[in-house]
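# Commentary on secondary and tertiary structure
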Amino acid sequence: MCFFFFFNGTATTEIYTLSLPDALPIWRPQRAISAFRRVLSARPDWAAPHYDLGNVYFDERRYDEAVVEYLRTLKLDPDLGPAHENLVRALRATSDRPEALLESYRKHTSDVQDNGLVALNLGRLLHEAGRDTEALTQLQAAAQARPDDPVAAFDLAQILDRTGKLDEARREYLRALELAPNYAKAHNGLGFLYERQGKLDVALFHYLRATEFNPDYALAFNNLGVAYERKGNLVLAVRAYERVVELTPNDAVAHFNLAVAWHRSRRYPQAIRAYRKALELDPTDRLAHFNLAEAYERAGQPDRALRHWKKALELNPTDEEAGIAGGRVKALSAP
């Protein structure tokens, strides 16, 4: 729950601050709603209590009422970014398809003053709906309307990147970092772009910056691990993947990537543990069965290897994989 407090010395401010103890610190939603309504009966043109009332409605899953309050907030304060974001969240809670969400957002924001934030959200929603050409137009408009907003530059960079306009994407990532040098997502995006262009050392620099500025950024640690593997530094790759596993312990892919790094390091017991964890989370992962079988053979455990070679054959392997797995099953089953 997020509240904005504006202390301007008015009588309404006094009502606002005196009403809140009715709801806090023990959270009583109905009391909070009554408190904000009392403020709004005196000052209906004040954006903050509309926003806070919208948040209460959202937390109570009264999404239609939350939408009304967020829209009232934006009519009074069109530059209030959190109200834009929460409006999308409330609409998302009632629209289960990207196209439906997009049309709902367009309908509800048709008379909201255009300040670039509407275009920014439209661009994001158009991308979710698979309409990247239209998304690009909206995100370009958002970046033009908000030239000092690093988020607008970053979102534009992302869509340019996805549509193959890599030079333009690089410029927008760099512009986002000029505006916000500690912007971890922009460092990660730029690193991934450089990696695809074969500039691995530059990519590593940006992945490291991303993880430095956001130590809980699992995707950046994963990309860092991949880059270290490509550089042949398996020790640092393992460290990066271990951090991903710490951050996303229920992600089968994270455990699989860690297992592969251990496997390539010839640390078979560690690889086996990681493959087994990946398979606990996703028992249908063919490659995990295939690799685990190979690791068990390397670790001198042929019986366990045989079970996983057989399982790999049951999961629609490629012709090459089927040839290898079938050969190992035959060899290990021989008397």
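Each remark here, short or long, concerns the structure printed above.
None of these values were measured; they are calculated from a predicted model. (Residues numbered from 1 in each chain as written. Predicted model: local features only at pLDDT ≥ 70, side-chain atom pairs only at ≥ 80, totals over all residues. Heavy atoms only, no water.)

### Some remarks on the side chain of His-84
Looking at the secondary structure, you find His-84 in helix α5 (residues 81-92). Accessibility expressed as a relative area gives 2% for His-84, which makes it buried. Separated by 2.8 Å, the side chain of His-84 and the backbone oxygen of Pro-78 make a polar contact. Contact partners of His-84, with chain neighbours within four places excluded, come to Leu-74, Pro-78, Tyr-105, Val-112, Asn-115, Leu-117, Val-118 and Asn-121. (Helix = DSSP H or I, 4+ residues; strand = E, 2+ residues; numbered from the N terminus. Buried < 20%, exposed > 50% of the residue type's maximum accessible area, 1.4 Å probe, protein only. Polar contact = N/O pair within 3.5 Å; in protein donor to acceptor, adjacent residues only side chain to side chain. Contact = heavy atoms within 4.5 Å.)

### A few points about the nonpolar core
Leu-87, Tyr-105 and Tyr-275 are the most contacted members of the largest nonpolar core, which totals 94 residues. Those residues within four positions of Tyr-275 in sequence are excluded, and the remaining contacts are Phe-256, Ala-259, Val-260, His-263, Ala-288, Asn-291, Leu-292 and Ala-295. (Core = buried A, V, L, I, M, F, W, Y, C linked by side-chain atoms within 4.5 Å.)

### Quick look at the pattern of salt bridges
Scanning the model with the defined rule gives 23 salt bridges in all. Residue Glu-280 pairs with Lys-277 through a salt bridge whose shortest N-O separation is 3.5 Å. Residue Glu-280 and its partner Lys-277 are both found in helix α16 (residues 268-281); the two are separated by 3 residues, about one turn of the helix. Overall, the relative accessible area of 57% leaves Glu-280 in the exposed class. Classification of Lys-277 as partly exposed rests on a relative accessible area of 30%. Each member of the salt-bridge network shares a partner with another, and the members are Glu-99, Arg-131 and Glu-134. (Salt bridge = Lys/Arg side-chain N within 4 Å of Asp/Glu carboxyl O.)

Interpretation note: all reported values are geometric properties and have no functional meaning in isolation.
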